[in-house]
Amino acid sequence: MSAGETRETSVAAVALMLRAAVGARLDRAGVGELAASLGRALPPMTDAFDSAGWIGWCLAGLAVFEHGPPTSRIAVREAIRIVAVLTMLRTAGNLTHAARQLGTSRRSLRERLVSLGCYPWSEFLASCESRPHAAWRPPAARE
Amino acid sequence: MDDDSAGHDRGCLTRGGDRPAHVTREGGSNHPGPKVGEGRTRSAPVTAKGGARRPEEPRSPGDSRRPQATPTPEDDHARPQAELTLPRQLESAHEQRGSVALRDVAPDDIAGCLRSMLGLDPDQPAPGELAARLSRPVPLIVAGLDAGAWIAWCLAGLPLFTGRLPTTAAARGTVNRLLATLGMLRAKGRISRASRLIRTSRKMIRAYLVTSNLYPWEDAMQRWGVDDVSR
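Residues numbered from 1 in each chain as written. Chains lettered and ligands numbered in written order. Predicted model: local features only at pLDDT ≥ 70, side-chain atom pairs only at ≥ 80, totals over all residues.

Caption draft 1: Representation of the overall build of chain B within the structure. Helix and strand counts for chain B stand at eight helices and two strands. Ordering the α and β elements of chain B from the N terminus gives α-β-α-α-β-α-α-α-α-α. (Helix = DSSP H or I, 4+ residues; strand = E, 2+ residues; numbered from the N terminus.)

Caption draft 2: Inspection of the packing of helix α5 (residues 168–186) of chain B against helix α7 (residues 202–211) of chain B at higher detail. Residues and elements named next belong to chain B. Running from amino to carboxyl end, α5 crosses α7 at an angle of 105 degrees, the nearest separation of the two axes being 9 Å. On the basis of their axis angle, the class for α5 and α7 is roughly perpendicular. Every residue of α7 that contacts α5 at Asn176, Arg177, Ala180, Gly183 and Met184 is listed here: Ile205, Tyr208, Leu209 and Thr211. (Axes fitted to C-alpha atoms, helices over the stretch in contact; angles between N-to-C directions. Parallel < 35°, antiparallel > 145°, perpendicular 65-115°, else oblique. Contact = placed C-beta atoms within 7 Å.)

Caption draft 3: Highlighting the interface of chain A and chain B. Between chain A and chain B, the residue contacts involve 80 residues of the former and 91 residues of the latter. Top contributing element to the side of chain A that touches chain B by residue count: helix α3 (residues 51–64) of chain A, with 14 residues. Within the side of chain A that touches chain B, the residues separate by chemical class into 48 nonpolar, 21 polar and eleven charged. (Nonpolar A, V, L, I, M, F, W, Y, C, P; charged D, E, K, R; others polar.)

Caption draft 4: How the structure looks around the nonpolar core. Trp150 and Ala152 of chain B are the most contacted members of the largest nonpolar core, which has 89 residues in total. Looking at this core, you find at least three residues from each of domain 1 (1–70) and domain 2 (72–143) of chain A. Other than its neighbours up to four places away in sequence, Trp150 of chain B contacts Val22, Gly61, Leu62 and Phe65 of chain A together with Leu145 of chain B. (Core = buried A, V, L, I, M, F, W, Y, C linked by C-beta atoms within 7 Å. Buried ≥ 20, exposed ≤ 12 C-beta atoms within 10 Å, placed from the backbone. Domains from an automatic or database assignment.)

Caption draft 5: Looking closely at α7 of chain B. All names here are of chain B. Taken together, the buried positions of α7 are occupied by Ile205, Tyr208 and Leu209. All buried residues of α7 fall inside an arc of 100 degrees around its axis, so they share one side. For α7, the exposed residues set more than 90 degrees away from the buried face come down to Lys203 and Val210. Packed against the buried residues of α7 are α5, α6 (191–197) and α8 (217–223). Backbone geometry just after α7 places Asn213 at a positive phi near 60 degrees. (Arc of directions from axis to C-beta.)

Caption draft 6: Quick look at unusual backbone geometry. Note the cis peptide between Tyr119 of chain A and Pro120 of chain A, where omega equals 0 degrees. With an omega dihedral of 0 degrees, the bond running from Tyr215 of chain B to Pro216 of chain B counts as a cis peptide bond. Positive phi is not limited to glycine here, since Ala92 of chain A has a value of about 55 degrees. Along the chain, Ala92 of chain A turns up in the loop between α4 (72–90) and α5 (95–102). A residue is classified by how many C-beta atoms lie within 10 Å of it, and Ala92 of chain A, with 14 of them, is partly exposed. A positive phi angle is found at Lys188 of chain B, which is not glycine, with a value near 55 degrees.

Caption draft 7: Layout of the pairing of strand β1 (residues 102–105) of chain B. Residue and element names in this part refer to chain B. Residues of β1 alternate between two faces, with Leu102 and Asp104 on one and Arg103 and Val105 on the opposite face, all of them buried. With three bridges connecting them, β1 and strand β2 (residues 142–146) associate as antiparallel partners. Across the sheet, the residue bridging to Val105 is Val142, located in β2. (Pairing = 2+ DSSP bridges.)

Caption draft 8: Representation of the confidence of the model for chain B in the model. All names here are of chain B. This prediction gives chain B a mean pLDDT of 65; 54% of its residues lie at or above 70. For residues 1–98, every residue scores under 50 in pLDDT, and the model assigns this stretch 165 contacts once sequence neighbours within four places are set aside. Our summary of model confidence lists the complex with pTM equal to 0.68 and ipTM equal to 0.82. (pLDDT = per-residue confidence, 0-100.)

Caption draft 9: View of the environment of Ala194 of chain B. Residue and element names in this part refer to chain B. Along the chain, Ala194 turns up in helix α6. On the basis of neighbour count, Ala194 is assigned to the buried category, with 26 C-beta atoms found within 10 Å. Other than its neighbours up to four places away in sequence, Ala194 contacts Gly183, Met184, Ala187 and Ile205.

Caption draft 10: Expanded view of the confidence of the model for chain A. Summary statistics for chain A give a mean pLDDT of 79 and a share of 80% for residues scoring 70 or more. At the low end of the mean pLDDT range in chain A sits helix α8 (residues 139–142) of chain A, at 36; at the high end sits α5 of chain A, at 95.

Caption draft 11: Geometry of the environment of Gly148 of chain B. Inspection of the secondary structure puts Gly148 of chain B in helix α4 (residues 147–160). A C-alpha to C-alpha distance of 8.6 Å links Gly148 of chain B and Leu102 of chain B, two positions 46 residues apart in sequence.

Caption draft 12: α4 of chain B, seen in detail. Helix length check: α4 of chain B (14 residues) gives 20 Å between terminal C-alpha atoms against 20 Å at 1.5 Å per residue, within 8%. Burial analysis of α4 of chain B places 13 of its 14 residues in the buried class, which makes it a mostly covered element. (Expected span 1.5 Å × (residues − 1).)

In structure tokens:
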């Protein structure tokens, strides 16, 4: 299992950079942004977080919030998809290990991957490599 | 805090051509976006999902937005999407459509920004990023991104990706809490409206709010120092 690269990052700095990335005002948080910290204050410093996985999470969020706020069902489905696929990548396609990481059973993970079109995993990765848009290759193949 | 102050309803999220007369560009000095009236808005056909205002929601007397797309000669937002160059499309990222800030962004640029921010090679995709692109192609341009909500999504993901990989339950809980809070903020604290906005039941929203210690909403807003819940 390959661990993700971990870094220390200031949450405030991340918020600032995210605003800059989408061209939002830097000096104030929007209403939507407030939703992240209400009810559960974000720590001032996030240490040793999985930067690559988080970038994947953020990129998946672009599709979720295209055309405005999504329905809860779509958002949850996308969140689970990104987490499941990321875990499968990190566990090199080992269903048992991935299910343990995700806190679910092998069976439910397999059913989820089938519903996402990601099972069997090896065939799925091979099909991704052959697609034109899949410019990124799996880490193992790249090495 | 007024980027989506009035746009609490999905119906206000008109995409593309209907540039409301009251739209104000988010006026930060950090981006060289177009000024209202310069005709830099992009116009894609209004889709059903973009949502016209619901008939049962009358406009307020002060609401001067144009009801239908009436392209004027000076508005190049009447031009088809294909005619606009990529930089021009990206310029419209700074446009605030409706009352919620919707922007067009390029995922590759966003990914580069995120990598730079984290001290990674901006041109070299990190292995974990692959998870976002597998099983779902990421478009060249994401049109009409709800910027504030996306930033909240990203920030909510920070604790999620700290330490071990997140579990399915943690991801589900984070997203449900985020959306319930977002819906309540956009709905000015009205739970029925929030439930319509994110298309879930009132009961579920209330459950998420209780779990997050955000119910009753007004008390929670006072507790968290958000004095004006209507923002």
